[in-house]
Amino acid sequence: MTKDSLIQQAFEVAAERYAAVGVDVRKALEDMKKISLSLHCWQADDVSGFENQGGSLTGGIQVTGNYPGRARTIDELRRDVLKAKSYIPGNHRLSLHEIYGDFQGEKVDRDEVEPRHFESWIQWAKENDFKLDFNSTSFSHPKSGDLTLANPSEDIRNFWIEHTKRCRWISDEMGKAQNDPCMMNLWIHDGSKEVPASRLRYRRILEESLDEIFATEYKWMKDCIEAKLFGIGLESYTVGSYDFYLGYGAKKNKIVTLDTGHFHLTESIADKVSSLLLFTPEIMLHVSRPIRWDSDHVVILNDDVQDLAREIVRCDALDRVHIGLDYFDATINRIGAYVIGSRATQKAFMLALLEPIALLRQYEDEGKYFQRLALQEEAKSLPWGAVWDMYCLQSGVPVGESYIAEIEKYESDVTSRRQ
């Protein structure tokens, strides 16, 4: 019996097992095909970009590790992204930071960037079946310092306001070209190592900056605002806290970005989903894995990711939640990191789609809480892996661990030869 036949046989058995608890696995497969991840380009090159080759990261973030084979050019990065994509089932998007423009040796400061610097990305994405998302870049620049959009200095603040305005313009052009709105994420590191004399002062400045930035309405992009708990060297105070952006998003009808690494480790990100869905138009996710701090470890299929996916599916909100990845691990093979994290996130949504939710809700409505808990526990050991294998097979990507050897070959043939 061939491997494909074994996968098919296991799938049919799983379909019967799930049917017994009211789950249609074929519908789950069709729903999985509608879920797109926004892959993050910065995993391929440790958030270096093409604006300032060799520059170090600033702004409260850092990448750990120095595994050989980092993408050094736009062509190498694109090649690595396509290689990673070939092992990830489904159709996906690519998220770019502004520093990844195709500058072609031209010195372009961040308040001068234009859509033309991303024309080759738009064309490349079209040729390779990607939709693009975008991010403004406030870190790793001589004018970054500790404060950007919340800076009392009018000169510094206006520089970053202009930068962000241009990023929204670029995003709109991307969305127009792909006939699908580009998600434009705004995250700034602004904060203080010690508690400032007035927390309100800087938040008021940030609010005014955002109002100016968002004054222009666009059709083909959507604004997302992202909070953070703290940055390295800025531990005591973050201007753009979750409370700030939640209030601003609800007031101004903006999308709030939930980065799973930007909260206290005991907070449930899943618990925030239903509240945001009531008061904000949509949600943007940045799926990461914090270990004691926002360390952006490679996503794995842990309880946090499963809880998040399960909550989104239970809320019937897949059409209102945009799923982006945001981690940058330089301690292991970078293409392998892409694939592990992407497939782990997809597995979490597969599990969520296979949950016997109708029967669970019936038990709940009838006050049968023992039965509800028992079924939740038994669902964990249902043969979801056979359904996942079928999804990979149907998508034409490696099933199971077989992608490991292929990535090792790519490392031997390509990335290991980069000096």
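Small disclaimer: the values here were computed from a predicted structure and weren't measured.

Draft legend 1. Focus on the side chain of Lys272. Mapping Lys272 onto the fold places it in helix α8 (residues 270–279). Using a relative accessible area of 13% as the deciding quantity, one classes Lys272 as buried. In terms of polar contacts, Lys272 uses its side chain to reach the side chain of Glu267, at 2.8 Å. When near neighbours in sequence (up to four residues on either side) are disregarded, Lys272 contacts Tyr242, Leu258, Phe263 and Glu267.

Draft legend 2. Here's a closer look at the UniProt feature "binding site: Mn(2+)" (unreviewed entry) in the chain. Listed under "binding site: Mn(2+)" (unreviewed entry) in the UniProt record, and renumbered for this structure, are His262, Asp294 and Asp296. These annotated residues cover 35 residues of sequence, and their C-alpha atoms lie no more than 9.7 Å from one another, placing them together at a single site. Of the residues annotated just before, the largest cavity has His262, Asp294 and Asp296 among its lining. If you trace the backbone, His262 turns up in the loop between β8 (255–259) and α8. On the basis of relative accessibility, which here comes to 5%, the residue His262 falls in the buried class. Excluding anything up to four places from it in sequence, His262 contacts Trp187, Glu226, Ala227, Lys228, Leu229 and Asp294.

Draft legend 3. Expanded view of the layout of surface pockets. Reported here for the largest pocket is a volume of approximately 940 Å³. Lining the largest pocket are 37 residues, and of these Asp31, Lys34, Ile35, Leu318 and Asp319 lie nearest its centre. Of all the secondary-structure elements, those providing two or more residues to the lining of the largest pocket are α2 (25–32), β3 (131–135), α9 (303–314), β10 (321–325), α10 (334–353) and α11 (357–365). Tallied by class, the residues present in the lining of the largest pocket amount to 16 nonpolar, 6 polar and 15 charged. In this model, the second largest pocket occupies a volume close to 340 Å³. Forming the boundary of the second largest pocket are 18 residues, of which Gln306, Arg310, Glu355, Gln376 and Lys380 lie nearest the centre. Looking at the lining of the second largest pocket, the elements that each hand over two or more residues are α9, α10 and α12 (369–379). When residues in the lining of the second largest pocket are grouped by element, the largest group, 5 residues, is from α9. Looking at the lining of the second largest pocket, its residues break down into 9 nonpolar, 2 polar and 7 charged.

Draft legend 4. Expanded view of α10. Over its 20 residues, α10 runs 29 Å from end to end, which matches the ideal 28 Å to within 8%, given 1.5 Å per residue. Of all 20 residues making up α10, 18 are buried, and the element is well covered by its neighbours.

Draft legend 5. How the structure looks around the sheet that holds strand β4 (residues 182–186). If you trace the 8 strands once around the closed barrel, you get β1-β2-β3-β4-β6-β8-β9-β10, paired in parallel fashion. Here the average twist between neighbouring strands, direction ignored, is 30 degrees. By the bridge criterion, 3 bridges tie strand β6 (residues 221–226) to β8 in an arrangement that is parallel. Counted as the bridge partner of Glu226 is Thr257 from β8.

Draft legend 6. Layout of the packing of helix α1 (residues 3–19) against helix α13 (residues 384–395). Look at α1 against α13: their axes get within 8 Å of each other, and the N-to-C directions meet at 130 degrees. If you check the angle between α1 and α13, you find them oblique. Regarding α1 and α13, the two cross each other, and that crossing is left-handed. Contact residues: Asp4, Ile7, Gln8, Ala10, Phe11, Ala14 and Tyr18 in α1; Trp384, Ala386, Val387, Asp389, Met390 and Leu393 in α13. Of the residues belonging to the contact of α1 with α13, the class tally is 10 nonpolar, 1 polar and 2 charged.

Reading the values: rules and limits
- Residue indices begin from 1 for each chain and proceed along its sequence in written order.
- In view of the model being predicted, local features appear only for residues whose pLDDT reaches at least 70, and side-chain atom pairs are presented and counted only at 80 or more, with totals across whole chains, interfaces and linings using the full set of residues.
- As a rule here, side-chain values come from all non-hydrogen atoms in the structure, and water together with hydrogens is ignored.
- A helix here means a DSSP run of H or I that spans at least four residues, while a strand means a run of E at least two residues long, and both kinds are numbered starting from the N terminus.
- Here's how the labels work: a residue is buried when its accessible area is under 20% of the maximum for its type, exposed when over 50%, partly exposed in between, all with a 1.4 Å probe on protein chains only.
- N or O atoms within 3.5 Å of each other form a polar contact, as long as, within protein, one can give a hydrogen and the other can take it, and as long as residues adjacent in sequence are counted only when both atoms are side-chain atoms.
- Residue contacts are defined here by distance: any two heavy atoms, one from each residue, within 4.5 Å place the two residues in contact.
- UniProt positions are given in the numbering used here, feature names are shortened, and annotations may be inferred rather than shown by experiment.
- A 1.4 Å probe that fits into a set of points on a 1 Å grid over the protein atoms alone but cannot get out defines a cavity; an open set with protein on both sides within 12 Å along at least five of seven lines defines a pocket, and lining residues are those with an atom within 4 Å of a point.
- Grid points are joined across faces, edges and corners, and a volume is the space filled by probe spheres set on the points.
- Here the term charged refers only to Asp, Glu, Lys and Arg, the term nonpolar to Ala, Val, Leu, Ile, Met, Phe, Trp, Tyr, Cys and Pro, and the term polar to all other amino acids, Gly among them.
- One less than the residue count of a helix, multiplied by 1.5 Å, gives the span that helix is expected to have.
- The pairing criterion for strands is at least two bridges between them, as found by DSSP.
- Axis definition: a line fitted to C-alpha atoms, limited for helices to the stretch in contact. Angles are taken between N-to-C directions and run from 0 to 180 degrees.
- What sets the label is the angle itself: under 35 degrees gives roughly parallel, over 145 gives roughly antiparallel, 65 to 115 gives roughly perpendicular, and the rest give oblique.
- Left-handed describes a crossing whose near helix is turned anticlockwise from the far helix through less than a right angle; right-handed describes the clockwise counterpart.

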